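# Notes for the structure review
For reference, the chains in residue letters:
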Amino acid sequence: DGGITQSPKYLFRKEGQNVTLSCEQNLNHDAMYWYRQDPGQGLRLIYYSQIVNDFQKGDIAEGYSVSREKKESFPLTVTSAQKNPTAFYLCASSQMTGEPQHFGDGTRLSIL
Amino acid sequence: AQSVSQHNHHVILSEAASLELGCNYSYGGTVNLFWYVQYPGQHLQLLLKYFSGDPLVKGIKGFEAEFIKSKFSFNLRKPSVQWSDTAEYFCAVNEYSTLTFGKGTMLLVSP
């Protein structure tokens, strides 16, 4: 089955550490996205990529970084500069930007 | 920047009641509109979408939505809800390359 795989499902981080969340898709989609979901806040866009080796900042990019070296992979690094990293992180992809997005199951990140 | 407003954060209904969830957006140009649903423990999935044409669009599981351009609205409706419709519902608007989501409406349907 085609889809989006996010790993791990749960992640714990000590303060001051960087951590990388994985997102892989086998849908052959060009566009990929990272969102942060907080209770009562909906989904807020962190970064997105329309094509390999290219990505743009979303609304809340500060303290995060991404790479897009392969079409199927779009890892997100939560850096120590992110002041409030505890959240549920969702990865999505679409055939191209503007098309309906397919979502992964998410990674819940917690600070120890 | 685009903003999306969902009128209710929480809605509680009994089974067989009718549902209408409000969604308004701010941008007045050409937009693509979506409703997504997140069932408990599951990933977000597309409920329905509007790109152009008939402003009344039908989605999965008996849901429909009406695009009213003059009101910048895209309200979600279902004539008779079921217990299995308990979920969080998100309205989203596409402007240029990205989606802007509303804050979501949690729907609880009691049997």
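Residues numbered from 1 in each chain as written. Chains lettered and ligands numbered in written order. Predicted model: local features only at pLDDT ≥ 70, side-chain atom pairs only at ≥ 80, totals over all residues. Heavy atoms only, no water.

### Section: the overall build of chain A
Under the convention used in this document: Helical segments are the DSSP runs of H or I of at least four residues, strand segments are the runs of E of at least two, and each set is numbered from the N terminus. Radius of gyration here uses only the C-alpha atoms, and the compact-globule reference equals 2.2 Å multiplied by the residue count raised to the power 0.38. Here the term buried applies to any residue with accessible area under 20% of the maximum for its type, exposed to any over 50%, and partly exposed to those in between, with areas from a 1.4 Å probe on protein chains only. Between two residues, a contact is recorded if the distance between any of their heavy atoms is within 4.5 Å. Charge counting follows a simple rule: Lys and Arg are positive, Asp and Glu are negative, and His as well as the terminal groups are ignored. A charge is said to be at NZ when it belongs to Lys, at CZ for Arg, at CG for Asp and at CD for Glu.
Within chain A, the secondary structure is distributed over zero helices and 11 strands. When the elements of chain A are put in sequence order from the N terminus, they spell out β-β-β-β-β-β-β-β-β-β-β. Here the C-alpha atoms of chain A give a radius of gyration of 13 Å, agreeing with the 13 Å that 2.2 N^0.38 yields for 112 residues. Along the three orthogonal principal directions, the C-alpha set of chain A runs to about 35 × 25 × 25 Å. Expressed as a percentage of its 112 residues, the buried residues of chain A come to 47%. Long-range contacts, defined as pairs at least 24 residues apart, comprise 53% of the intrachain contacts of chain A with a sequence gap of at least 6. Side chains of chain A give 11 positive and 12 negative charges; the mean places of these two sets differ by 8 Å.

### Comments concerning the sheet that holds strand β1 (residues 4-7) of chain A
All names here are of chain A. Counted only if it meets this: Only strands joined by at least two bridges in the DSSP assignment are considered to pair. Lines fitted to C-alpha atoms define the axes, with helix axes restricted to the stretch in contact, and inter-axis angles between N-to-C directions lie between 0 and 180 degrees.
Spatially, the four strands line up as an open sheet ordered β1-β3-β8-β7, and their pairing is antiparallel. Only two strands of the sheet have a single neighbouring strand rather than two, namely β1 and β7 (64-66). Along the sheet, successive strands turn relative to each other by an average axial angle of 20°, direction set aside. Judged from the three bridges that link them, strand β3 (residues 19-25) and strand β8 (residues 76-78) form a sheet pairing that is antiparallel. Directly across from Thr-20, in β8, lies its bridge partner Thr-77.

### Here we look at unusual backbone geometry
Where the residue is not glycine, phi is negative for most of them; where a peptide bond is considered, it is trans in most cases. Put simply, Ser-7 of chain A and Pro-8 of chain A share a cis peptide bond, and its omega is -10°. As for its placement among the helices and strands, Pro-8 of chain A is situated in the loop between β1 and β2 (10-13). One non-glycine residue, Asn-53 of chain A, lies in the positive phi region at around 65°. A positive phi angle, near 60°, is found at Lys-61 of chain B, a position not held by glycine. Along the chain, the position of Lys-61 of chain B falls in the loop between β7 (56-58) and β8 (64-68). For Lys-61 of chain B, a relative accessible area of 48% translates into the label partly exposed.

### So, the interface of chain A and chain B
To be explicit about the condition: For any pair of parts, buried area is found by adding up, for both, the accessible area (1.4 Å probe) each one loses once the two are put together. A pair is scored as a salt bridge if a Lys or Arg side-chain nitrogen falls within 4 Å of a carboxyl oxygen belonging to Asp or Glu. Two N or O atoms count as a polar contact when they lie within 3.5 Å, although within protein this holds only if one can serve as hydrogen donor and the other as acceptor, and sequence-adjacent residues are included solely when both atoms are side-chain atoms. Asp, Glu, Lys and Arg are counted as charged, while Ala, Val, Leu, Ile, Met, Phe, Trp, Tyr, Cys and Pro are counted as nonpolar; the rest, among them Gly, fall into the polar class.
The interface is formed by 20 residues belonging to chain A together with 18 residues belonging to chain B. Note on chain A versus chain B: buried area summed over both sides is about 1500 Å², and carbon and sulfur give 57% of it. One can count zero salt bridges joining chain A with chain B. One can count three residue pairs in polar contact (both at pLDDT 80 or more) joining chain A with chain B. Sorting the residues of the side of chain A that touches chain B by element identifies β4 (31-38), β5 (42-51) and β9 (87-94) of chain A as the ones contributing at least two each. Considering every element that reaches the side of chain A that touches chain B, the biggest residue donor is β5 of chain A, with five residues. Counted by class, the side of chain A that touches chain B contains nine nonpolar, nine polar and two charged residues.

### Here we look at the state of the cysteines
As a reminder, the rule being used: Two cysteine sulfurs form what is called a disulfide whenever their separation falls within 2.5 Å.
Enumeration over the complete set of coordinates arrives at two disulfides over all chains. Through a disulfide, Cys-23 of chain A is tied to Cys-91 of chain A; the S-S separation comes to 1.9 Å. Between Cys-23 of chain A and Cys-91 of chain A the disulfide shows an S-S torsion of about -75°. By sign, it is left-handed. Placement of Cys-23 of chain A in strand β3 and of Cys-91 of chain A in strand β9 is noted, with a sequence separation of 68 residues between them. Comparing Cys-23 of chain A with Cys-91 of chain A, the two get one shared label, buried. Covalently, Cys-23 of chain B is tied to Cys-91 of chain B through a disulfide, its sulfur atoms 1.9 Å apart. What sets the handedness of the Cys-23 of chain B and Cys-91 of chain B disulfide is the S-S torsion sign, and at about -65° it is left-handed. Of this pair, Cys-23 of chain B sits in strand β4 (residues 23-25) while Cys-91 of chain B sits in strand β10 (residues 87-95); the two residues are 68 residues apart in sequence, bridging distant segments of the chain. According to the relative accessible area criterion, Cys-23 of chain B is buried, its value standing at 0%. Assessed through its relative accessible area of 0%, Cys-91 of chain B is described here as buried.

Don't take any of this as a statement about function, it's just geometry.
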